[in-house]
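If you want the building blocks of each chain, they are given just below.
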Amino acid sequence: MDTIIYKQDLATPAQLLKSGQVVAFPTETVYGLGANALDKEAVKQVFAVKGRPSDNPLIVHVESFEQAKKYIQTLHPLAEKIVQQFWPGPLTLIFEIIPGSLPQEVTGGLTTAAFRMPNAKLTLDLIHQAGVPLVGPSANTSGKPSPTCAGHVYHDLQGKIAGIVDGGNCQVGVESTVLDLSNPEAAPMILRPGAITREMLADFLDMEILLDKHLVKESETPKSPGMKYKHYSPNTPVMMVQPEILATAVADLKAQGKKLGLLASPKQLVGLNAELVSAYEDESVEAATKGLFAGLRALDEQDLDLILVTTTAETGLGQAYMNRLKKAAGQKIYEV
Ligand code: TXA
Ligand code: MG
């Protein structure tokens, strides 16, 4: 199968989606692997193409809250308020759905489903033209860093999908915040941190927002099934390092004969010497988050023994950055 890249033309990819094909699309977070959420054969192809375990459910991308409501059984009392403030945007909401309204393949057999309205005009136009909600797991091979440009998708899935809608680089760089609103009697809980931060939700709702930190065992059914799988890992081993001891770590690991790649901010990299460096756009946590997956992918193309990546404080957006980095590094951190 030839994988066609579409830049201006949305009519053709929309038609392909309508007819049951798989087409990747851009969003403000990462690229998604799109298929008609109402067509179970199309959804099965998404799992096959990614090599994704079938009990890991998908996000249903909608062009409006109205479209999502067609499938939702019970609305949480805070749902309208949250949607008004944060949609379109990098926030996925979990609701109890009307039984049988979405294929089992989408929900992974759960009684709930995840919905998101992306903040990208191109994506909303594509959903509108396709005329159906679209599933959209990140458009990478399962276990690899999520794609933040069309080239990443092409690298992983070339020849396996009908097309890619190219919308340039993603602004956020990590996947959406997943917020559980499935129990109308329970307070909202974050299942996956993202660009809509715990602090933003807590301030806006004027209540404490919990982050589910529960580590899931293989045999359990997790609240967010994606949490139990290995994630975001390049082939080259990744290790975290605190910025204050980056220079020490580099000297030490080079003395051990390791071929090193470094991923850090421009200032953190000043004066350091490694086989390969990749710098974030600036010193901000936004730039680090935007550049994390792209940097890991770029360094992974080279013949390195280890990729060192700097840590950041786990507050605000730093929570999402550290969540992805810890998984990419398998929790490994450099210690003196
Ligand atoms: O930013 C994003 O969310 C991107 C873009 C393309 O929209 N999509 C994305 O999809 O990251 P995916 O499939 O890689 O991640 C979906 C996450 C997984 O952790 C999954 O387990 C969780 O959402 N999820 C989906 N349905 C759920 C449900 N009913 N209950 C709890 N968690 C759910
Ligand atoms: Mg993913």
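The text that follows walks through the structure, step by step, so that each part is easy to find.

About the criteria used
- Residues numbered from 1 in each chain as written.
- Chains lettered and ligands numbered in written order.
- Predicted model: local features only at pLDDT ≥ 70, side-chain atom pairs only at ≥ 80, totals over all residues.
- Heavy atoms only, no water.
- Helix = DSSP H or I, 4+ residues; strand = E, 2+ residues; numbered from the N terminus.
- Rg over C-alpha atoms; globule rule 2.2 N^0.38 Å.
- Buried < 20%, exposed > 50% of the residue type's maximum accessible area, 1.4 Å probe, protein only.
- Contact = heavy atoms within 4.5 Å.
- Areas by Shrake-Rupley, 256 points an atom, 1.4 Å probe, with all protein chains shown as cover.
- Lys, Arg positive; Asp, Glu negative; His and termini not counted.
- Charge placed at Lys NZ, Arg CZ, Asp CG, Glu CD.
- Pairing = 2+ DSSP bridges.
- Salt bridge = Lys/Arg side-chain N within 4 Å of Asp/Glu carboxyl O.
- Disulfide = S-S within 2.5 Å.
- Arc of directions from axis to C-beta.
- Core = buried A, V, L, I, M, F, W, Y, C linked by side-chain atoms within 4.5 Å.

**Some details on the overall build of the protein**
Tallying secondary structure elements over the protein gives 12 helices and 16 strands in all. At 20 Å, the protein has a C-alpha radius of gyration in line with the 20 Å of a compact globule built from 336 residues. By its C-alpha atoms, the protein is 60 × 50 × 35 Å across when sized along the principal axes. Counting only residues that meet the buried cut, the protein has 56% of its 336 residues in that class. Excluding contacts between residues fewer than 6 apart, the proportion of contacts in the protein whose partners are at least 24 apart in sequence is 67%. When the accessible surface of the protein is summed, it comes to about 14300 Å², and 50% of that surface belongs to carbon and sulfur atoms. Positive and negative side-chain charges in the protein, numbering 30 and 37 respectively, have mean positions lying 3 Å apart.

**Details of the pairing of strand β16 (residues 306-310)**
A large share of β16 lies buried, amounting to five of its five residues. Where burial is concerned, the two faces of β16 agree: the one with L306, L308 and T310 and the one with I307 and V309 are both buried. Pairing of strand β13 (residues 238-241) with β16 involves four bridges; the strand directions are parallel. For M240, the partnering residue across the bridge sits in β16 and is V309.

**Brief notes about unusual backbone geometry**
Following W87, the chain continues to P88 via a peptide bond in cis, the omega torsion being -10°. Mapped onto the secondary structure, P88 falls in the loop between α4 (79-86) and β6 (91-97). Although it is not a glycine, D206 adopts a positive phi angle of roughly 55°. Relative to the elements of secondary structure, D206 occurs in the loop between α8 (198-205) and β12 (210-211). The residue Q331 is not glycine, and still its phi comes out positive at about 70°. With respect to the helices and strands, the residue Q331 is situated in the segment after α12 (318-328).

**Considering the pattern of salt bridges**
Once their charged atoms are close, side chains differing in charge can pair, the charge on each being opposite to the other. Across all of its chains, the model carries 12 salt bridges by this definition. For the salt bridge of D166 with K7, the shortest nitrogen-to-oxygen distance reads 3.7 Å. Here D166, found in the loop between β9 (163-165) and β10 (177-180), pairs with K7, found in the loop between β1 (4-6) and α1 (11-18); they are 159 residues apart in sequence, far enough to count as distant. Here K69 ties to E66 by a salt bridge, and the two come within 3.3 Å at their closest N and O atoms. Placement of the pair is K69 and E66 together in helix α3 (residues 65-69), with a separation of three residues, close to one helical turn. A relative accessible area of 53% places E66 in the exposed class. Each member of the salt-bridge network shares a partner with another, and the members are E66, K69 and E80.

**Considerations on the state of the cysteines**
The full count for this structure, using the stated rule, is zero disulfides. The thiol of C149 is not disulfide-bonded; the next cysteine sulfur, from C170, is found 7.9 Å away.

**Looking at α1**
All of the buried residues along α1 are P13, A14, L16 and L17. Summarising the axial view, the buried residues of α1 lie within an arc of 160°, below the 170-degree limit, and thus occupy one face. Those residues of α1 hidden inside the fold are in contact with β1, β2 (23-25), β3 (32-36), α6 (121-130), β8 (134-135) and β9. Just downstream of α1 lies G20, where phi reads positive at about 95°.

**Topic: the side chain of S182**
Topologically, S182 is positioned in the loop between β10 and β11 (189-192). Excluding residues that lie within four positions of it along the chain, S182 makes contacts with I94, F95, E96 and T112.

**Quick word on the nonpolar core**
Within the largest apolar cluster, 63 residues are counted, with the highest numbers of intra-cluster contacts made by L33, W87, L93, F115 and I161. Element by element, the count of residues in this core is highest for helix α2 (residues 40-50), at five residues. Apart from residues no more than four positions distant in its own chain, I161 is found in contact with M1, D2, T3, V22, A24, L33, V49 and V153. Core analysis: the second largest hydrophobic core is formed by 24 residues, Y232, Y280, I307 and A320 among them.

**Regarding the environment of M322**
Position of M322 among the secondary structure elements: in helix α12. Taking the C-alpha atoms as reference points, M322 and T310, separated by 12 residues in sequence, lie 9.6 Å from one another. In contact with M322, not counting residues within four places along its chain, are M240, T311, T312 and E314.

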